[in-house]
Each structure stands twice: as structure tokens, then as C-alpha cells.
Amino acid sequence: MTQETLKKLAQLLEQDQFELILPENVQPDETKIEGEGTRGRDIRLVYLMNDAAESFLVFRNARMTGEYHSEYQGQLQASMNRQADGYVLVVRQGATVLTLFFEDLDLEVHLYEYAYTGHFWVKKYEYLRQLEYRLAILRDKRDYLGEEYCTEEEKELSVLVEFPPLNYCCYPAVPEKYIVPRENPWIPSEKAIIYMKKLAVECRDVYFEKMLETYRKRPTKFRAKRIAAMLHKTKHAAVVDRLTQKLQDATKEYKRRSPGEALEKGYREVLARVERRQEELKKQGIRADILREEPFTIARDSLDYKLYLMIWKERRGNRITEIEEYIC
């Protein structure tokens, strides 16, 4: 057990987060596990779960006594002590107590390709909201797991969560109640401005570069929103497309989540149908991108495996999209 792993456990408990993934042979009811039915098994504790990573703190050779309430949402009290043959973690969920006996604690991480992830919770300029979402989960991966779990390109891209014209300030991908605000949200970081200016130079967008420099010198909410509006203009499309491509290149070595053996055939059939539709649109001169919404691989959730076609259109100098949904 390392100090870093202990720090991650303490971080979860301080945030009142304690979601266990129990071994397959244990079948709890909807609210709790009782007794010692998990003796001598590895038990996972959810750490960071998003489209970029599924990570867990793993209690090795563990057994559990007391009660575990999987739906508990309140404050936690926890303490841990060393024993001759391992450790004891006591967690109080309100009036009930759970005790975990274990030999060691490890971090388990699974990384996934997320540059083609699509979640369409908020409408209008969906392609910018998807960029915002992907950059946000990338930054979470970097902040919670560490830079060793990011490619060099991802490390550079992760600074863009501090660029208000593209982050949740202007293009939130999730409803407002799920947003965790940043301090001084309308002020960009120097690294974010440098990255965007470099992108503008690559795309030979001189006017966009000049606007970024003005925003750097006088970072007001008005200027941030003005640059945000420029991002959906066709005349600055190269900047957005180049940024999207950079994210795809940065994540291409990661594996795609598998829908599982039971769903793989259905997924392939639906994918073939979506690709035929994409080809039809291409013949009409219409661009359409295929995106995916995937359930978690290890901590299975209730999401369906979905595919989307994001169909690009132009209206009065603006790039807009229409979304077609396909359930596998």
C-alpha cells in the first residue's frame, strides 16, 4: 500500500463517497449486505468513473462484516488501523457499521478511448458541448489519477478546461445542477490562451489569433462570449476541427469499450446501419460523424449502448448539427 493510494482513499471518504463493487457470487438486496459472505476476496471501491477511465481502489484478500447500504447518500465516518496480518477499515453509514479486513490496497485503472463519445444532454451547438465534455473528463483523469495516465498530447489539451469560451461557461455539456464551478471562471489561464493561439496559427486564422491576444490582455466575460460565438462560425471552423482532430489523435491508442459478448452482435448490426446512413449522406455532400454512448465495462450501469449520427449543416454563417440516435 502506497501513500498515494492511502491519499486517494482518504479523499473519497472526506467527500462521503463509498461505492463498493462486490464479488459476483455475492447477491445483496437493494439496500445492504450482511454477515461475512465476502471472506478472502478482492473488493473494489469506485474511485474515478467517467468515459475516459474506470478506476478502483482494490481491497486485496478482503472480508466484510456488518452492513453495507449501497444507496446511502449521507455523511460518512471512517477509521483505519493496522493489524499484524493487514488492515481494518471501519465505515459508519449513519446508524450502521461496515468493517473491512484486508491485506493490501491497490489502485486499478482501465483507460478508454473517449474522443468519439457522445452525450446529448444539452441542445444547440452539440459539437462544441461534446468537446467541452471530453476536455472536462480528460482533466478529471489528469487531476485524480495523475499525469502518468495521460499521453503528452492529453496533458497539453487538459489546460483547455481553463478556457471560458469553450468550457462550461459558454458550452456546458451537462445541466447546470451537475456543474462544479471554478474560481474566477471567466478568466482564462495563460497556458490555455497559449494553446489556443498556437492552434489559430496552425489554422492560419489571423483574426481569431488577434482576438485571443485581446482577450488575454483584458479577460472580460463579454470578450469570452464573443470568442465563444466565433467558435460556431463557419469562417473559424478550421480551429474547432483541428482541436477535435488533436483530441482524436491523443486518444487513439486507448481501447474502445466493448458492449460485451451478449450485445456485440447487436452493436455490429446497428453500426452497419449507421454507416450505411453515413454513406448516403456523404453522397449528398453532407458530413456526418458517428459517436458512441457506452455503459461502463466493470461497474455496469443502466445506460443502453447507443450510436449517434451528428449531421453537420450550415445556417447563416453558423455551423449547426442535427442528431440521429440509434439504440443497440
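In case you missed it, the structure is sitting above this.
Structural notes, computed from the coordinates. (Residues numbered from 1 in each chain as written. Predicted model: local features only at pLDDT ≥ 70, side-chain atom pairs only at ≥ 80, totals over all residues. Heavy atoms only, no water.)

## Topic: the environment of Val 88
Relative to the assigned elements, Val 88 resides in strand S7 (residues 86–93). Expressed as a C-alpha distance, the spacing of Val 88 and Thr 99, which sit eleven residues apart in the sequence, is 6.9 Å. Leave out the neighbours within four places in its chain, and Val 88 touches Ser 79, Met 80, Asn 81, Gln 83, Thr 99, Leu 100 and Phe 101. (Helix = DSSP H or I, 4+ residues; strand = E, 2+ residues; numbered from the N terminus. Contact = heavy atoms within 4.5 Å.)

## Quick look at the packing of aromatic side chains
Aromatic ring pairs: the centre-centre distance and the angle between the two ring planes describe each pair. The full count for this structure, using the stated rule, is eleven aromatic pairs. For the pair Tyr 125 and Tyr 127, a centre-to-centre distance of 6.5 Å together with 85° between the ring planes defines the contact as edge-to-face. Note on Tyr 127: relative accessible area 4%, which makes it buried. Here the aromatic rings of Tyr 125 and Tyr 171 are separated by 6.4 Å at their centres, their planes lie at 85°, and the arrangement is edge-to-face. With a gap of 46 residues between them, Tyr 125 in the loop between strand S9 (104–111) and helix H2 (126–145) and Tyr 171 in the loop between helix H3 (152–157) and helix H4 (190–202) connect regions that are remote in the sequence. The class of Tyr 125 is buried, set by a relative accessible area of 12%. (Phe/Tyr/Trp six-rings, centres within 6.5 Å; stacked < 30°, edge-to-face > 60°. Buried < 20%, exposed > 50% of the residue type's maximum accessible area, 1.4 Å probe, protein only.)

## Notes on the nonpolar core
As a rule of thumb, nonpolar side chains are buried together in soluble globular proteins. The biggest cluster of nonpolar side chains holds 49 residues, and the ones touching the most others in it are Leu 157, Leu 160, Phe 163 and Phe 208. When contributions to this core are tallied by element, the ones reaching two or more residues are H2, H4, helix H5 (206–217), helix H6 (221–231), helix H7 (237–250) and strand S11 (306–315). By residue number, the principal contributor to this core is H2, which donates seven residues. In this structure Leu 160 touches Leu 135, Asn 167, Ala 192, Tyr 195, Met 196 and Leu 243, once residues within four positions along its chain are discounted. Judged by nonpolar contacts, the second largest core, of 27 residues, contains Ala 62, Met 64, Tyr 68 and Leu 76. (Core = buried A, V, L, I, M, F, W, Y, C linked by side-chain atoms within 4.5 Å.)

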